[in-house]
Amino acid sequence: MTYVTPHPSNTPGDFGRDLLSNLYYQRGTTLESASAQDAYHSLALTVRDRLVDRYIRTAAAHYQANPRFIYYLSAEYMLGKQLDQNLLYSGTADCARSALAGLGLSPAELDALDVEPGLGNGGLGRLAACLLDAMATLDIPAVGYGIRYDFGIFKQAFEDGAQVERPDDWTFYGNPWEFHASDDQQTVGFYGHTEPLDGVRKSWVPGEIVMGEPSHMLVPGYATSTVNIIRLWRARASRESFDLSRFGAGQYGEAVEEIVRSENISKVLYPDDSTELGRELRLKQQHFLVTCALRDIVRRFRLRNSDWDDFAGKVVIQLNDTHPVMAIAELMRMLVDEEGLEWDHAWSITRRVFAYTCHTLLPEALETWPVRLVQRLLPRHMEIIFLINHLFLREVSARYPGDDGKLRELSIIAEGDEQRVRMAHLAVVGSSAVNGVAELHSRLLAATTLHGFAELWPGRFHNVTNGVSPRRFVRLANPRLSELITERLGDDRWLSDLDRLGGLESAADDPEFQERWRQVKRLNRQDLADQALATTGVALDPDALCDVMIKRFHEYKRQLLRVLHVVVMHHRIRRGEVADVVPRSIVFGGKAAPGYYAAKRIMQLANTVAGMVNEDPAVSPYLKMIFLPDYNVSRAQLIIPAADLSEQISLAGKEASGTSNMKLALNGALTIGTLDGANVEIRDRVGAENFFLFGLDTAEVAAVREKGYRSRDFYERDEELREVVDTVARLEPQIADDLLNHDEYLTLADFRAYVDCQDRVARAWRDTAGWTRASILNTARSGFFSSDRTVRDYCRDIWHVTPVPVGE
Ligand code: BZD
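Per an unreviewed UniProt entry, the chain carries the name Alpha-1,4 glucan phosphorylase and comes from Actinoplanes friuliensis DSM 7358. According to the UniProt record, the Cofactor (unreviewed entry) comment for the chain reads "pyridoxal 5'-phosphate". A UniProt comment under Catalytic activity (unreviewed entry) is attached to the chain, and it reads "[(1->4)-alpha-D-glucosyl](n) + phosphate = [(1->4)-alpha-D-glucosyl](n-1) + alpha-D-glucose 1-phosphate".

What follows is the structure in structure tokens.
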């Protein structure tokens with residue numbers, strides 16, 4: 001019998017009653033004796049309950065329609081806090097607030113207990129979350145698959161200016177947002193050997209079996225009924241793994257050895273891969289994810305379908321970078337070895353099902369695996385990859401007869417001291433579509449990194465420019481600005497139709513609107529200042545220009561260039577050259593990979609310079625600098641609304657897209673940036689006059705390198721640069737040495753242009769009305785950067801899916 005859901009109603013009275021009921025029945029307590037965790041969990045469950053009804057109706061509508069589904073495979077998701085999101089998406093924020101007040105509970109205190117699942121490193125993981133949000137909002141049937149890491153991205157702290165990493169035990173108090181589905185467990189094999197069957201078919205006899213246990217979280221759409229899910233897998237040992245006899249003999253460690261080994265697979269997000277063992281664990285994670293996901297996809301397919309010829313019509317699998325690309329070999333293995341399909345038949349299905357998104361241009365970031373390792377861990381997959389490669393190279397030979405260079409260039413297997421599997425090549429060969437994440441990036445991918453493939457299959461290459469969720473990064477992050485925008489536009493339809501922000505253009509010169517716009521920014525800067533004081537002890541001036549650089553620490557992103565300019569300002573102020581200086585708050589946020597020592601040195605320098613600036617009474621009235629530790633989605637929601645200036649200063653040709661550039665522009669920050677990644681498209685849209693452009697473009701970078709770049713020449717020619725590098729040499733000698741002798745990212749070549757551009761920024765800031773106008777226009781013209789537009793582009797060019805509306 002179907003349970004007829006009582007629609008939980010949205011009055012404060014009902015909400016409060018349901019919260020007390022959850023407290024009573026789920027936590028086994030009452031308001032009088034509830035702990036803070038009890039209250040938080042009950043609140044979360046009460047909000048979640050309000051989405052379950054929509055989720056059940058979504059599942060029913062999908063079952064009925066039997067539509068084509070998007071399965072998004074990603075090793076990373078940065079979902080952000082769930083409580084603020086789900087209050088908004090369930091339309092219960094106001095009634096929850098009244099209900100909590102009535103019960104004497106503090107919303108802020110409960111929100112502080114909501115832990116963000118940090119299951120990703122940076123832009124790639126956050127993009128995955130923004131795309132899931134947009135798919136649900138656009139009624140696209142979709143499931144996100146990922147790994148439920150026990151420990152997410154490390155928590156960052158600073159000790160004497162150096163990054164220290166602490167574990168992120170995000171489920172320590174339990175996670176009220178997830179549903180466990182232990183009945184849907186899958187088995188995943190590793191190691192072992194293969195045995196011949198008929199023809200190309202083989203049987204794989206794994207040497208180790210691990211269980212994958214799924215749980216899912218709800219992914220609600222905004223202003224629609226659809227609620228999709230994200231399904232995360234946790235590794236578990238099989239039931240027989242506990243060695244009772246050893247335990248009985250007092251060998252407690254040995255008794256649980258197998259359990260520990262199995263469960264380590266989903267223990268931590270990207271374990272250190274600097275050792276052979278670490279690398280093996282990472283490949284295990286990847287295979288674990290794709291096996292669980294594929295088996296679940298097939299299970300779902302079979303609910304309404306039986307013919308493999310319908311599979312590619314019902315299933316699209318989007319591969320988020322190369323991390324899940326082993327899925328191509330695994331699907332071939334399932335179809336050929338287990339289902340008995342002919343190789344060519346299986347290959348035609350596989351190729352149609354997969355699509356691949358590339359997120360980098362850096363050759364060193366393209367993943368490869370030693371053949372030896374794959375052979376040992378996944379013997380059958382290695383055989384399948386060799387066969388895919390053999391057939392592919394035959395095609396290449398037919399197209400370029402006698403051209404061995406072409407074969408070497410395109411082969412999935414890289415030859416050399418040790419053979420390696422190039423996962424990006426496997427991805428391109430095994431997919432029907434390949435896309436870059438910004439126009440420039442897609443163009444460069446086809447012209448350089450994947451050039452040979454683009455020549456072979458031009459129709460396979462696409463661009464889909466990234467986007468960000470306006471719900472998360474405007475409405476939730478910046479309620480004040482959201483209210484002002486809604487008031488001006490007359491309604492809040494802009495939240496699901498972001499081009500409507502264009503309606504703000506007419507307000508850009510309205511003095512009264514400008515004043516309110518500035519008021520919002522100032523209050524947001526005050527909020528940031530309050531938090532900064534509490535966490536760093538540094539008092540920011542809420543009237544100073546808030547100058548923000550928030551992103552992972554990487555040399556190509558050039559946080560170092562930002563620090564050099566701070567040192568310039570410091571020197572100038574100390575010399576009394578203050579006529580052209582405007583007061584600024586420099587804000588940094590971002591983590592460095594634990595083993596990335598060059599990035600960590602730059603971080604150390606940034607902290608040292610911050611101390612130098614903040615403690616110098618001659619300088620600090622003009623300049624303050626903070627490095628907010630532990631940058632994550634929640635911190636982004638605090639910093640972005642306060643920002644006036646967005647630093648997007650990577651060396652041209654290195655940043656695939658960037659997404660903080662979009663979030664900041666949407667919130668009215670002006671960009672200082674190079675012609676890199678999506679900066680190009682931001683500038684095209686907001687207007688060159690509302691964007692501070694500097695630096696070499698990709699052609700000029702190539703020309704400089706061609707001529708033979710000597711950074712020392714720039715040092716010798718520019719007195720101010722010399723002074724800055726000499727200061728750096730005193731603080732962090734290694735950095736100065738690198739700058740002068742191997743300045744890989746052309747920091748010194750772009751220094752003068754950057755500093756001069758910052759002087760233009762200061763002059764522009766003095767023109768309050770002009771700056772405010774540009775700020776409003778940045779917001780008004782950034783509608784394109786909604787992840788809703790990104791998903792529409794994927795639907796049109798790659799997925800060929802249409803929405804399935806879910807009834808009221
Ligand atoms: O992906 C980033 C790019 O650097 C950005 O330019 C781009 O905007 C975003 C989204 O497309 N790439 C990553 O975030 N990459 C990783 O985090 C990563 C993680 C593990 C291994 C390799 C890369």
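Okay, back to it.
Trainee: Please give an account of the overall build of the chain that cites residues and values.
Mentor: Counting its secondary structure elements, the chain contains 34 helices and 25 strands. At 27 Å, the chain has a C-alpha radius of gyration in line with the 28 Å of a compact globule built from 808 residues. Taking the principal axes of its C-alpha atoms as reference, the chain extends roughly 85 × 75 × 60 Å. Looking at the 808 residues of the chain, the share that counts as buried comes to 48%.

Trainee: So what's going on with the sheet that holds strand E22 (residues 623–627)? Which residues, and what values?
Mentor: Read across the sheet, six strands follow the order E22-E21-E20-E23-E24-E25 without closing on themselves; strand pairing throughout is parallel. Each having just a single partner strand, E22 and strand E25 (692–693) make up the two edges of the open sheet. Two elements, strand E23 (residues 645–648) and strand E24 (residues 670–673), share four bridges in a ladder whose sense is parallel. Paired with leucine 645 across the bridge in E24 is leucine 670. Strands strand E21 (584–589) and E22 of the sheet are contacted by helix H24 (residues 597–614), whose axis makes an angle of about 145° with E22.

Trainee: Account for unusual backbone geometry, naming residues and giving values.
Mentor: Not every positive phi belongs to a glycine, and aspartate 160 is a case in point at roughly 50°. Counting through the fold element by element, aspartate 160 comes out in the loop between strand E5 (155–159) and strand E6 (162–166). What makes aspartate 160 exposed here is the crowd of 8 C-beta atoms within 10 Å. A positive phi angle is found at alanine 223, which is not glycine, with a value near 55°. Relative to the assigned elements, alanine 223 resides in the loop between strand E11 (208–220) and strand E12 (227–236).

Trainee: Give me the lowdown on helix H22 (residues 511–536), citing residues and values where you can.
Mentor: Spanning 26 residues, H22 covers 36 Å between terminal C-alpha atoms, matching the ideal 38 Å at 1.5 Å per step. Among the residues of H22, those classed as buried are Trp517, Val520, Lys521, Asn524, Arg525, Leu528, Ala529 and Ala532. Of the surrounding secondary structure, the elements contacted by the buried residues of H22 are helix H21 (479–489), strand E20 (545–550), E22, helix H25 (633–639) and helix H33 (768–780). Downstream of H22 by a residue or two, glycine 537 has a phi angle that is positive, lying close to 80°.

Trainee: Tell me what's going on with the UniProt feature "modified residue: N6-(pyridoxal phosphate)lysine" (unreviewed entry) in the chain, and back it up with residues and numbers.
Mentor: Mapped onto the present numbering, the UniProt feature "modified residue: N6-(pyridoxal phosphate)lysine" (unreviewed entry) falls at Lys663. With respect to the secondary-structure elements, lysine 663 resides in helix H26 (residues 660–666). Apart from the residues lying within four places of it in its own chain, the contact partners of lysine 663 are Val468, Phe473 and Ile640.

Trainee: Outline helix H4 (residues 93–103), supporting the account with residue identities and numerical values.
Mentor: For H4, every residue scored as buried is listed here: Cys95, Ala96, Ala99 and Leu100. Buried residues of H4, viewed axially, fall in a sector of 135°; they line one side. Packed against the buried residues of H4 are helix H1 (12–25), helix H2 (36–65), helix H3 (82–89) and helix H5 (107–112). Glycine 104 occupies a position one or two residues after H4 and carries a positive phi of about 75°.

Trainee: I'd like a rundown of the confidence of the model for the chain, residues and numbers included.
Mentor: Mean pLDDT over the chain: 96, with 98% of residues reaching 70 or higher. The complex model carries a pTM of 0.97, and its ipTM stands at 0.99.

Trainee: So what about the site of the ligand? Which residues, and what values?
Mentor: Around the ligand, the surrounding shell holds 15 residues, and the nearest of these are Gly122, Gly123, Leu124, Ala656 and Ser657. Considering only residue class, the shell around the ligand consists of five nonpolar, nine polar and one charged. Of the domains in this structure, domain 2 (66–80 + 116–160 + 171–465) and domain 3 (505–694 + 740–783) are the two that each give at least three residues to the shell around the ligand.

Trainee: Let's hear about the sheet that holds strand E16 (residues 413–414): which residues, and what values?
Mentor: Strand pairing in a sheet relies on backbone hydrogen bonds, with the paired strands running either antiparallel or parallel. Taken in spatial order, the three strands line up as E15-E17-E16 in an open sheet, and their pairing is antiparallel. Edge strands, defined here as strands with exactly one partner in the open sheet, are strand E15 (368–370) and E16. Note that E16 and strand E17 (residues 420–422) share two bridges and pair antiparallel. Residue pairing in the sheet places alanine 414 in a bridge with arginine 420 of E17.

Calculation rules
- Residues numbered from 1 in each chain as written.
- Predicted model: local features only at pLDDT ≥ 70, side-chain atom pairs only at ≥ 80, totals over all residues.
- UniProt positions renumbered as here; feature names shortened; annotations may be inferred.
- Helix = DSSP H or I, 4+ residues; strand = E, 2+ residues; numbered from the N terminus.
- Rg over C-alpha atoms; globule rule 2.2 N^0.38 Å.
- Buried ≥ 20, exposed ≤ 12 C-beta atoms within 10 Å, placed from the backbone.
- Pairing = 2+ DSSP bridges.
- Contact = placed C-beta atoms within 7 Å.
- Axes fitted to C-alpha atoms, helices over the stretch in contact; angles between N-to-C directions.
- Expected span 1.5 Å × (residues − 1).
- Arc of directions from axis to C-beta.
- pLDDT = per-residue confidence, 0-100.
- Near = placed C-beta within 6 Å.
- Nonpolar A, V, L, I, M, F, W, Y, C, P; charged D, E, K, R; others polar.
- Domains from an automatic or database assignment.

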